[in-house]
Amino acid sequence: MMNAWLRSDGRKGIRDAILVVYLVECAHHVARRVVQSFDDPRVQLIGFPGCYPNDYALAMMKALTTHPNVGGVVLLSLGCESFNREALAAHAIDHHRPVETVVIQQVGGTRAAIADGVAAVGRVIQMADDRAVRVAMDRSELVIGTICGGSDGTSGITGNPAVGRAFDTLIDAGATCIFEETGEMIGCEGHMAERAASFMVADAIIASIRQAEHYYRAMGYGSFAPGNAEGGLSSQEEKSAGAYAKSGSRRIDGVILPAEQASAPGLYLLDVVPPGDPKFGFPNIVDNAEIAELIACGAHINLFVTGRGSVVGSAISPVIKICANPETYRRMEDDMDIDAGRILEGDATLDEVGAEIVELIEMVADGRKTKSEDLGHQEFVLTYKTSQPAGPGCLARGS
């Protein structure tokens, strides 16, 4: 049993972050200076750099600022951007998050906005602390996401299938698990469809992978990078099979899109590729863009499998790094939480590492810092993108 923060909608958070949110790149510097004034890992910086409106960005921000790991919000606006700050603030208020807005043009510029922002954060922290309710949290209430990055020839043998074993354990306990990277699972759609909870879910899975293939063909770009080949992966197919292993073996209960919440516990595929032809470019320019989408879908923690090595963490939700390659783990141990490379060297089994991952998830959910948290990593990326609701048929469990 873990301790958590109870939110007004009944969800429970494992952290109590105070978000400072810039709503356009012009407000980024002021927002960053406000956060730096606190030197407190609880006060975190996220933002959207664009000036003209984007429905995806607004939906993402609404989901992120009311995530169960978030206790309060301060919005930093230049004043003339098109981001709907009033709608975002109203959404936070509707979800009982203390929120304040600082508009740089209205308060008199950089210095005044930094001072007002610092004061606003102080007030929001106090309000969040006054409203805080601590309760017990069961394993069944967890939402866990997974991503892989910097994959090599070991990723699909050790780290990814170990996460799959952890997912099986969590789902059997009633938790919600989300896997993604549809662009890296081209060719796996038939097997995924066989695991679908319904014909509608099977159709949604196949459609999501076909869209990913269409999108990447149009872009002239695939997810197989030079670093993957240097790490020993032979082809897109091998990389796809390895990425798919993160999903485990349980039935797939639905397909969701960024900022959508799973309708019930179970296993969900997150479709990260926009509909139609490319409009804004790459679907996710870096791993942290995908991590942000998993968080927007409610993930308390994200499991990050890497073979070649990665150092990123994230704002809002902790990242647990699972290193697939034993040599990489020994070289980058300060950044890695789990050494799945022990499987390759015969020192552990997939089941043992899967159980270790579940145990660490519960410790992190109960307050233990991950390596990336301890190092101060709070990366965040949100850029222009298109998205559309998946619809109730894709979310139905067991229909």
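Please refer to the structure placed before this passage.
Being a predicted model, the structure only gives us computed values, none of them experimental.

What counts, and at which threshold
- Residues numbered from 1 in each chain as written.
- Predicted model: local features only at pLDDT ≥ 70, side-chain atom pairs only at ≥ 80, totals over all residues.
- Heavy atoms only, no water.
- Helix = DSSP H or I, 4+ residues; strand = E, 2+ residues; numbered from the N terminus.
- Rg over C-alpha atoms; globule rule 2.2 N^0.38 Å.
- Buried < 20%, exposed > 50% of the residue type's maximum accessible area, 1.4 Å probe, protein only.
- Areas by Shrake-Rupley, 256 points an atom, 1.4 Å probe, with all protein chains shown as cover.
- Lys, Arg positive; Asp, Glu negative; His and termini not counted.
- Charge placed at Lys NZ, Arg CZ, Asp CG, Glu CD.
- Salt bridge = Lys/Arg side-chain N within 4 Å of Asp/Glu carboxyl O.
- Core = buried A, V, L, I, M, F, W, Y, C linked by side-chain atoms within 4.5 Å.
- Contact = heavy atoms within 4.5 Å.
- Expected span 1.5 Å × (residues − 1).
- Arc of directions from axis to C-beta.

### Focus on the overall build of the protein
Helix and strand counts for the protein come out as 15 helices and 14 strands. Taken over the C-alpha trace, the protein has a radius of gyration of 20 Å; the compact-globule value for 399 residues is 21 Å, and the two agree within 12%. Projected onto the principal axes, the alpha-carbon positions of the protein cover approximately 60 × 45 × 45 Å. Within the span of the protein, comprising 399 residues, buried residues form 57% of the whole. Accessible surface, the protein as shown: approximately 15,400 Å² in total, 51% of it carbon and sulfur. Of the charged side chains in the protein, 34 are positive and 52 negative; the average position of the first set lies 4 Å away from that of the second.

### Here's the deal with the pattern of salt bridges
Considering all chains together, one arrives at 18 salt bridges under this definition. The partner of aspartate 129 in a salt bridge is arginine 42, with the nearest N and O atoms 2.9 Å apart. Here the residue aspartate 129 occupies a position in helix 5 (residues 110-131), and arginine 42 occupies one in the loop between helix 1 (28-38) and strand 4 (43-47), the gap between them amounting to 87 residues. A residue is classified by how much of its surface remains accessible, and aspartate 129, at 39% relative accessible area, is partly exposed.

### What about the nonpolar core?
If you look at the biggest cluster of nonpolar residues, it comprises 50 residues, and the most contacted ones within it are Leu303 and Ile357. Element by element, the count of residues in this core is highest for helix 13 (residues 350-365), at eight residues. In contact with leucine 303, not counting residues within four places along its chain, are Ile144, Gly145, Thr146, Ile147, Val163, Phe167, Ile320, Ile322, Ile357 and Ile361. One finds Val70, Phe83, Val319 and Tyr384 within the second-largest nonpolar core, a separate group that totals 49 residues.

### Examining the environment of valine 34
Relative to the elements of secondary structure, valine 34 occurs in helix 1. Taking the C-alpha atoms as reference, valine 34 lies 9.7 Å from leucine 76; in sequence the two are 42 residues apart. Setting aside its immediate chain neighbours within four residues, valine 34 contacts Val20, Ala113, Ile114, Gly117, Val118 and Val121.

### Examining helix 5
With 22 residues, helix 5 should cover 32 Å at 1.5 Å per step; its first-to-last C-alpha distance of 31 Å lies within 8% of that length. Within helix 5, the full set of buried residues consists of Ala113, Ile114, Gly117, Ala120, Val121, Val124, Ile125 and Ala128. For helix 5, the arc enclosing every buried residue in end-on projection is 145°, short of the 170-degree limit, so these residues lie on one face. Looking at helix 5, the residues exposed on the side facing more than 90 degrees away from the buried face are Arg111 and Asp130. Of the surrounding elements, those touching the buried residues of helix 5 are strand 3 (17-22), helix 1, strand 4, strand 5 (70-77), strand 6 (99-103) and helix 4 (104-107).

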